Amino acid sequence: MPSFDIVSEVDQQEVLNAVDNANRELQTRFDFRGITAEFALKDKIVTLTAEAEFQLQQMVEIFLTKAVKRGIDIRSFKEGSVSFSGKTCSKALNLLQGIETEMAKKLVKLIKDSKAKVQASIQGEQVRVTGKKRDDLQEVIALVRGAELEQAFQFTNFRD
């Protein structure tokens with residue numbers, strides 16, 4: 001019986017490459033000359049540090065541009081709030097890994113409401129979809145890609 005898994009994963013190495021590329025661009029930009037500003041990756045959090053809040057917003061755009069060029073969906077990042085300490089301010093971009101149960105329930109409901117002849121079940125941080133025909137599974141993939149959900153999804157483990 002054909003099946004596949006819906007997951008939400010981001011390659012950590014690509015995120016590190018995007019951080020390095022963004023740091024390199026900060027060194028060459030004229031508006032960031034003589035300013036303490038940097039990107040840092042620790043665990044699943046990208047931390048942006050600058051001297052002013054408007055510079056942080058520019059840095060977010062720089063980083064997201066670099067992430068898209070590396071093939072990372074920008075919906076994989078969730079912006080935190082700005083925190084001030086001394087003369088610097090920082091912002092965290094959290095990396096969304098895995099599908100939370102609330103989002104998984106939305107996915108299963110979306111699939112069931114589409115009347116496709118498949119079964120969807122939640123398995124930890126992923127959703128497994130099984131059906132009798134490969135065409136039904138491809139229909140579900142198109143449905144999930146077309147849905148306006150606030151998280152990026154990948155489709156793995158496709159079995160015939």
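Scroll up for the structure.
Residues numbered from 1 in each chain as written. Predicted model: local features only at pLDDT ≥ 70, side-chain atom pairs only at ≥ 80, totals over all residues. Heavy atoms only, no water.

Novice: Would you mind going over the sheet that holds strand 7 (residues 126–131) with me for this structure?
Specialist: Adjacent strands of a sheet pair through backbone hydrogen bonds, lying either parallel or antiparallel. Strand order in the open sheet formed by 4 strands is 6-7-1-8, and the pairing between neighbours is antiparallel. Two strands bound the open sheet, and with one partner strand each, they are strand 6 (118–123) and strand 8 (154–159). Taking the axes of each pair of neighbouring strands and ignoring which way they run, one obtains an average angle of 20° across the sheet. Two elements, strand 6 and strand 7, share 6 bridges in a ladder whose sense is antiparallel. Along strand 7, the bridge assignment pairs Ser121 with Arg128. The strands that helix 3 (residues 101–113) touches are strand 1 (3–7), strand 6 and strand 7; relative to strand 6, the one it contacts most, it runs at about 175°. Running at roughly 175° to strand 8, helix 4 (residues 134–146) makes contact with strand 1, strand 6, strand 7 and strand 8 of the sheet. (Pairing = 2+ DSSP bridges. Helix = DSSP H or I, 4+ residues; strand = E, 2+ residues; numbered from the N terminus. Axes fitted to C-alpha atoms, helices over the stretch in contact; angles between N-to-C directions. Contact = heavy atoms within 4.5 Å.)

Novice: Would you mind showing me how to read the environment of Ile72 here?
Specialist: The residue Ile72 is located in the loop between helix 2 (53–69) and strand 4 (77–85) in this model. Taking C-alpha positions, Ile72 is 27 Å from Thr36, a pair spaced 36 residues apart along the chain. Apart from residues lying up to four places away in sequence, Ile72 is in contact with Val10, Glu14, Val15, Ala67 and Phe77.

Novice: Looking at this structure, I do not really get the packing of helix 1 (residues 12–28) against helix 2. What am I missing?
Specialist: A pair of packed helices is captured by two measures, namely the crossing angle of their axes and the spacing between those axes. Between helix 1 and helix 2, the shortest axis-to-axis distance is 9 Å and the interhelical angle comes to 130°. One way to sum up the angle between helix 1 and helix 2 is to call them oblique. The hand of the helix 1/helix 2 crossing is right-handed. Here helix 1 contributes Val15, Ala18, Val19, Asn21, Ala22, Glu25 and Leu26 to the contact with helix 2, which in turn contributes Met59, Ile62, Phe63, Lys66 and Ala67. Split by residue class, the contact of helix 1 with helix 2 holds 9 nonpolar, 1 polar and 2 charged. (Parallel < 35°, antiparallel > 145°, perpendicular 65-115°, else oblique. Left-handed = near helix turned anticlockwise from the far one by under 90°. Nonpolar A, V, L, I, M, F, W, Y, C, P; charged D, E, K, R; others polar.)

Novice: Is there a simple way to think about the packing of aromatic side chains in this case?
Specialist: One pair of aromatic rings is described through two measures. These are the centre distance and the angle between the planes. The final tally for this structure, using the stated rule, is 4 aromatic pairs. Judged by centre distance (6.1 Å) and plane angle (15°), the ring pair of Phe4 and Phe158 falls under stacked. A residue pair is termed long-range when its members are at least 10 positions apart, and Phe4 in strand 1 and Phe158 in strand 8 qualify at 154 residues. Residue Phe4 is classed as buried on the basis of its relative accessible area, which comes to 0%. In this structure an aromatic cluster arises from ring pairing among Phe4, Phe155 and Phe158. (Phe/Tyr/Trp six-rings, centres within 6.5 Å; stacked < 30°, edge-to-face > 60°. Buried < 20%, exposed > 50% of the residue type's maximum accessible area, 1.4 Å probe, protein only.)

Novice: Looking at this model, I keep getting lost on the environment of Phe153. Mind explaining?
Specialist: Among the structural elements, Phe153 can be located in the loop between helix 4 and strand 8. On the accessibility criterion, Phe153 (13% relative accessible area) is buried. Taking C-alpha positions, Phe153 is 21 Å from Lys117, a pair spaced 36 residues apart along the chain.

Novice: What is the right way to look at the nonpolar core in this model?
Specialist: Soluble globular proteins: nonpolar side chains tend toward being buried together. Core analysis: the largest hydrophobic core is formed by 22 residues, its most contacted members being Val15, Phe39, Val46, Leu48, Met59, Phe63 and Phe77. Of all elements in the fold, only helix 1, strand 3 (45–50), helix 2 and strand 5 (88–95) reach the threshold of two or more residues within this core. Broken down by element, the residue count for this core peaks at 6 residues, all from helix 2. In this structure, Val15 is in contact with Val10, Leu41, Val46, Phe63, Ile72, Phe77 and Leu95, ignoring residues within four places of it in sequence. By size, the runner-up hydrophobic cluster in this structure holds 20 residues, among which are Ile6, Ile99, Met103 and Val108. (Core = buried A, V, L, I, M, F, W, Y, C linked by side-chain atoms within 4.5 Å.)

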